[in-house]
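Descriptive structure summary
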Amino acid sequence: EAGVAQSPRYKIIEKRQSVAFWCNPISGHATLYWYQQILGQGPKLLIQFQNNGVVDDSQLPKDRFSAERLKGVDSTLKIQPAKLEDSAVYLCASSFLGWRGDEQYFGPGTRLTVT
Amino acid sequence: DAKTTQPPSMDCAEGRAANLPCNHSTISGNEYVYWYRQIHSQGPQYIIHGLKNNETNEMASLIITEDRKSSTLILPHATLRDTAVYYCIARQAGTALIFGKGTTLSVSS
């Protein structure tokens, strides 16, 4: 079974530029999550999708961050304009809710450096 | 904020069992206990989860106390590759993971 795919793996941009990240979840997984992990901290949720609908985006900085999930499968996360504090690893995870709960499976992440 | 408490760090000798404790005294009846680990520069990896019964899989065993206020993750024969940050998370199914600071496990030869 293929895992969660993310691209690019690394990105370096200057502040005020825009950037986009892509995620392809595990086939059949209805729930998709984007997390931000700043160096030295645990991942923090940015947004959760159930199929193509948003379940939780309460911690997404909506003035600069946006996300969409096309046709309930792939997802993109965009930052425009980027700030220095957006330097972090952006992790995508997906899950399938079964009778024993659900396990989230994470992709390798995209490491963003804003200079 | 995370609803669990873990020691910041632990050491283990290679080949020995690693027992990682977690306190979740305010856990709700419909919350599972999940364990994840994160090896340096990788995404978090699911290990195991349980509701109230002890669980075992190919990676680890999870022991949950009868009152569900604490649990222990057991890696039966730790290897150098098990060096990682281990996160214990209490959550309802279908919700996001809330990561605390976790326990940094160092396995040495």
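The present account deals with the structure reproduced in this document. Predicted model only: the values in this text are computed from it and were never measured. (Residues numbered from 1 in each chain as written. Chains lettered and ligands numbered in written order. Predicted model: local features only at pLDDT ≥ 70, side-chain atom pairs only at ≥ 80, totals over all residues. Heavy atoms only, no water.)

1. Focus on the environment of P7 of chain B
With respect to the secondary-structure elements, P7 of chain B resides in the segment before β1 (9–13). Judged by its relative accessible area of 27%, P7 of chain B falls in the partly exposed class. (Helix = DSSP H or I, 4+ residues; strand = E, 2+ residues; numbered from the N terminus. Buried < 20%, exposed > 50% of the residue type's maximum accessible area, 1.4 Å probe, protein only.)

2. What to know about the pattern of salt bridges
If you walk through the whole model with that rule in mind, you get five salt bridges over all chains. In this structure, the salt-bridge partner of R64 of chain A is D86 of chain A, at a minimum N-O distance of 2.5 Å. Here R64 of chain A, found in the loop between β6 (53–56) and β7 (65–69), pairs with D86 of chain A, found in the loop between β8 (75–79) and β9 (88–95); they are 22 residues apart in sequence, far enough to count as distant. With relative accessibility at 3%, the residue D86 of chain A sits in the buried group. For E31 of chain B, the salt bridge is made with K3 of chain B, and the minimal N-O distance between the two is 2.3 Å. Of this pair, E31 of chain B sits in strand β3 (residues 31–38) while K3 of chain B sits in the segment before β1, and the two are 28 residues apart along the sequence. (Salt bridge = Lys/Arg side-chain N within 4 Å of Asp/Glu carboxyl O.)

3. What about the pairing of strand β8 (residues 84–92) of chain B?
Residue and element names in this part refer to chain B. Among the nine residues of β8, seven are classified as buried, and the element is accordingly described as predominantly covered. As paired strands, β3 and β8 are joined by eight bridges and run antiparallel to one another. When the sheet's bridge partners are listed, Q38 is paired in β8 with V85. The pairing of β8 with strand β9 (residues 103–108) spans three bridges and is classified as antiparallel. Paired with V85 across the bridge in β9 is T104. (Pairing = 2+ DSSP bridges.)

4. What to know about the layout of surface pockets
In this model, the largest pocket occupies a volume close to 740 Å³. In this structure, the largest pocket is lined by 32 residues; those nearest its centre are Q37, L39, G40 and Q41 of chain A together with Q38 of chain B. Put simply, the parts of the chain that give the lining of the largest pocket at least two residues each are β9 and β11 (110–114) of chain A together with β8 of chain B. Ranked by residues supplied to the lining of the largest pocket, first place goes to β11 of chain A with four residues. Across the lining of the largest pocket, the residue classes break down as 14 nonpolar, 15 polar and three charged. (1 Å grid on protein atoms, 1.4 Å probe; cavity = no way out; pocket = protein on both sides within 12 Å on 5 of 7 lines; lining within 4 Å. Points joined across faces, edges and corners; volume = space filled by probe spheres on them. Nonpolar A, V, L, I, M, F, W, Y, C, P; charged D, E, K, R; others polar.)

5. Structural notes on the sheet that holds β9 of chain B
Residues and elements named next belong to chain B. Spatial strand order, β1-β9-β8-β3-β4: five strands in an open sheet with mixed pairing. The open sheet terminates on both sides in strands that have one partner only, identified here as β1 and β4 (45–50). Sheet twist, expressed as the average angle between the axes of neighbouring strands with direction ignored, equals 25°. (Axes fitted to C-alpha atoms, helices over the stretch in contact; angles between N-to-C directions.)

6. Observations regarding the interface of chain B and chain A
Listed as interface residues are 19 residues of chain B and, on the opposing side, 21 residues of chain A. Interface area, chain B with chain A, both sides summed: about 1500 Å², of which 48% is carbon and sulfur. Here chain B and chain A share one salt bridge between them. The closest approach of N and O atoms between R91 of chain B and D102 of chain A, which form a salt bridge, is 3.1 Å. Between the two partners, chain B and chain A, sit nine residue pairs in polar contact (both at pLDDT 80 or more). Elements that contribute at least two residues to the side of chain B that touches chain A include exactly β3, β4 and β8 of chain B. Tallying contributions element by element places β3 of chain B first for the side of chain B that touches chain A, with four residues. Looking at the side of chain B that touches chain A, its residues break down into 10 nonpolar, seven polar and two charged. (Contact = heavy atoms within 4.5 Å. Buried area = accessible area lost by both parts, 1.4 Å probe. Polar contact = N/O pair within 3.5 Å; in protein donor to acceptor, adjacent residues only side chain to side chain.)

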